[in-house]
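# Per-entry structural report
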Amino acid sequence: PSIEVKPCLIRDLFAAIFFTLLFGCKNENTGQTEKRMLPNIVIIYLDDLGYGDLSAYGATELQTPNMDGLANEGMKFTNTYATSATCTPSRYALLTGIYPWRNENAKILPGTAPLLIGVDQMTVPKMLKTKGYHTGIVGKWHLGLGEGNVDWNQRVSPGPNEVGFDYAYIMAATQDRVPTVYIENGLVVGLEADDPILVEYDKNFEGEPTGLDNPELIKMKWHHGHNNSIVNGIPRIGFMKGGEKAKWVDEDMADHFLIKAQEYIRERKNEENPFFLYFAMQQPHVPRTPHPRFVGKSGMGPRGDVILEADWAIGELLKTLEEAGILENTMVIFSSDNGPVLNDGYYDEAVEKIGNHKPAGILRGGKYSLFEAGTKVPFMTYWKGKIKPGVSDALVSQLDLFASLSKLVGSDIAAEDSKDMLSVLMGETNQGREELILEATTKTALRSGDYIMIPPYQGPAVNQSVNIELGNDIEYQLYNLKSDPGQKNNIASTEPEMLEKLKKRFEELRGI
Ligand code: NG6
Ligand code: CA
């Protein structure tokens, strides 16, 4: 028997197909379709990883296949900067889109410092939330917590949850600073009520051992600083008492943060709303404590080993995105908060075993420095199927992530110092910034076109403890980074017109 098909049904069917193709599976609620089309965003942010620490950026003595994958299958940037040569200010700028030198408190913070970002301030995660994103941070915070006099035995607030993160699993400051505990959404993980945590930075708790007084308890020797409370045989910055069960195991930290990031991704993968994950890894900051699986793997001592450990963890994170079926719908951004340092306060063979490895590549200086190696960092964008592999020398700052991500998600929220570089990050143009102010421990310099002008600064030329040239000089310095990327020739006296131009512009920008 033949089935009679009514023409009107066929018409309806075609209409339905047509509209489905045109608008996708549109919900009654129009916002839903828009949200589903927005990509997840993952920022992988390392701590003190240098421009020359990845094989994709020229390292020959270390192999970093997973970081290289992002660089070689995504856009690799060769002229991209952290705002600062230390951690706190760079992280402040990354999340707020504001130059850290505008905030006089944006300096390396102790573990007891109050929250540096205002709870009413706009941030990247807050901006993304206006477009329906779920937001998470896993890893290093180092932007202060609470309002001063934090009681670590109560919910610690305000913190990441109050400045835009729906989920936060963090260490408060750095791996070498107390409190050496994980904090989940404001609560110290594993804390027992009968063993409260006390934290101080200016004086010890009576009778508690310290690195200075109890060298017999130490497994990692301190070189400078780092001689206060001893946790897991490692002397730290600051004093801490109690909270035995809550203390982290340093060698497990990489696995621990990775698992938390993976859990976050797996929990969010089927959700209607896209997510933003800020994965702030601790490597290769001191104390460098590779898991036993990585000990000795680099032949370069713990610093090289933790870089390999970080590389492995990044591979696992990408695998998690792939297995969750969301790699094609996730934009991954990779960078570091400041340049490299070998001896940052512990005897850990970083100097002795460096061999031919050049953590800063051909750049001058390092962490803490106004020279290039302080702030020029590896930077990659990777989005499978969306970003074509390429290399870009466009001038970009981490400050620009705010405006670029705002553009990506269709938000009109701006941030004072952030410039929209989305098409640069997507590899569609090479038109970067014209100029940028760089900062190192509150001293600033002006990058303009191919030039950098460093004003005169008092202070030692070299930080002897870490053996890094800081960029201080009583004369003006001017370098052409195109012809002299290693900053060997100060051309301030041979190009006086350029120097004058940059001095004037610097004064305008800095208002001094
Ligand atoms: C310095 C520490 C250094 C490191 C740095 C912060 C001393 C002597 N040195 O004060 O080891 O912790 O602060 O690094 O204490 S950053 O990457 O978080 O900015
Ligand atoms: Ca750092």
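Residues numbered from 1 in each chain as written. Chains lettered and ligands numbered in written order. Predicted model: local features only at pLDDT ≥ 70, side-chain atom pairs only at ≥ 80, totals over all residues. Heavy atoms only, no water.

For the structure shown, the criterion picks out 31 salt bridges. Lys-384 serves as the salt-bridge partner of Glu-322, at 3.8 Å between the closest nitrogen and oxygen. In this pair, Glu-322 sits in helix 7 (residues 302–323) while Lys-384 sits in the loop between strand 14 (379–382) and strand 15 (390–392), placing the two residues 62 residues apart along the sequence. On the accessibility criterion, Glu-322 (45% relative accessible area) is partly exposed. For Lys-384, a relative accessible area of 32% corresponds to the partly exposed category. One salt bridge connects Glu-349 with Lys-353, and the closest N-O pair in it is separated by 3.5 Å. Overall, the relative accessible area of 37% leaves Lys-353 in the partly exposed class. The network of salt bridges with shared partners includes Asp-47, Arg-91, Lys-140 and Asp-337. (Salt bridge = Lys/Arg side-chain N within 4 Å of Asp/Glu carboxyl O. Helix = DSSP H or I, 4+ residues; strand = E, 2+ residues; numbered from the N terminus. Buried < 20%, exposed > 50% of the residue type's maximum accessible area, 1.4 Å probe, protein only.)

Owing to its 3.6 residues per turn, the α-helix brings residues three or four apart onto one side. When you tally the buried positions in helix 9 (residues 401–408), you get seven out of eight residues, the bulk of the element. Among all positions in helix 9, only Leu-401, Phe-402, Ala-403, Ser-404, Leu-405, Ser-406 and Leu-408 are buried. Residue Gly-410 follows helix 9 closely and has a positive phi angle near 75°.

Moving on, we come to the layout of surface pockets. Size it by volume and the largest pocket reaches roughly 580 Å³. Across the lining of the largest pocket, the residue classes break down as nine nonpolar, eight polar and eight charged. Here the second largest pocket is characterised by a volume of approximately 460 Å³. Leu-342, Pro-359, Gly-365, Asn-467 and Ile-468 are, among the 21 residues lining the second largest pocket, the residues nearest its centre. Broken down by class, the residue content of the lining of the second largest pocket amounts to 11 nonpolar, eight polar and two charged. (1 Å grid on protein atoms, 1.4 Å probe; cavity = no way out; pocket = protein on both sides within 12 Å on 5 of 7 lines; lining within 4 Å. Points joined across faces, edges and corners; volume = space filled by probe spheres on them. Nonpolar A, V, L, I, M, F, W, Y, C, P; charged D, E, K, R; others polar.)

Coordination of the calcium ion (ligand 2) by the protein is provided by Asp-47 (OD), Asp-48 (OD), Asp-337 (OD), Asp-337 (OD) and Asn-338 (OD1), with metal-donor distances spanning 2.2 to 2.7 Å. Geometry at the calcium ion (ligand 2) is irregular, judged from the six donor atoms that bind it and their angles of 51 to 173° at the metal. Donor residues for the calcium ion (ligand 2) sit on one chain with the sequence pattern D-D-x288-D-N. In this pair, Asp-47 is assigned in the loop between strand 1 (40–46) and helix 3 (65–73) and Asn-338 in the loop between strand 13 (330–336) and helix 8 (372–375), connecting sequence segments 291 residues apart. The burial state of Asp-47 is the same as that of Asn-338; both residues are buried. (Donors = N, O, S within 2.8 Å, 3.2 Å for Na, K, Ca; no water. Tetrahedral: all angles 85-135°; square planar, octahedral: opposite > 155°, others 65-115°.)

With that settled, the discussion passes to the sheet that holds strand 18 (residues 443–448). Pairing is antiparallel in the open sheet, where four strands are placed in the order 17-18-19-22. Of all the strands in the sheet, the pair left with one neighbour each is strand 17 (435–440) and strand 22 (477–480). Ignoring which end each strand starts from, the neighbouring axes of this sheet average 20° apart. Two strands pair when backbone bridges link them, and strand 17 and strand 18 are joined in this way by six bridges, in the antiparallel orientation. Within strand 18, the position partnered with Leu-438 by the bridge is Ala-445. Packing of helix 11 (residues 496–510) onto the sheet brings it into contact with strand 17, strand 18, strand 19 (451–454) and strand 22, and relative to strand 18 it is tilted by some 120°. (Pairing = 2+ DSSP bridges. Axes fitted to C-alpha atoms, helices over the stretch in contact; angles between N-to-C directions. Contact = heavy atoms within 4.5 Å.)

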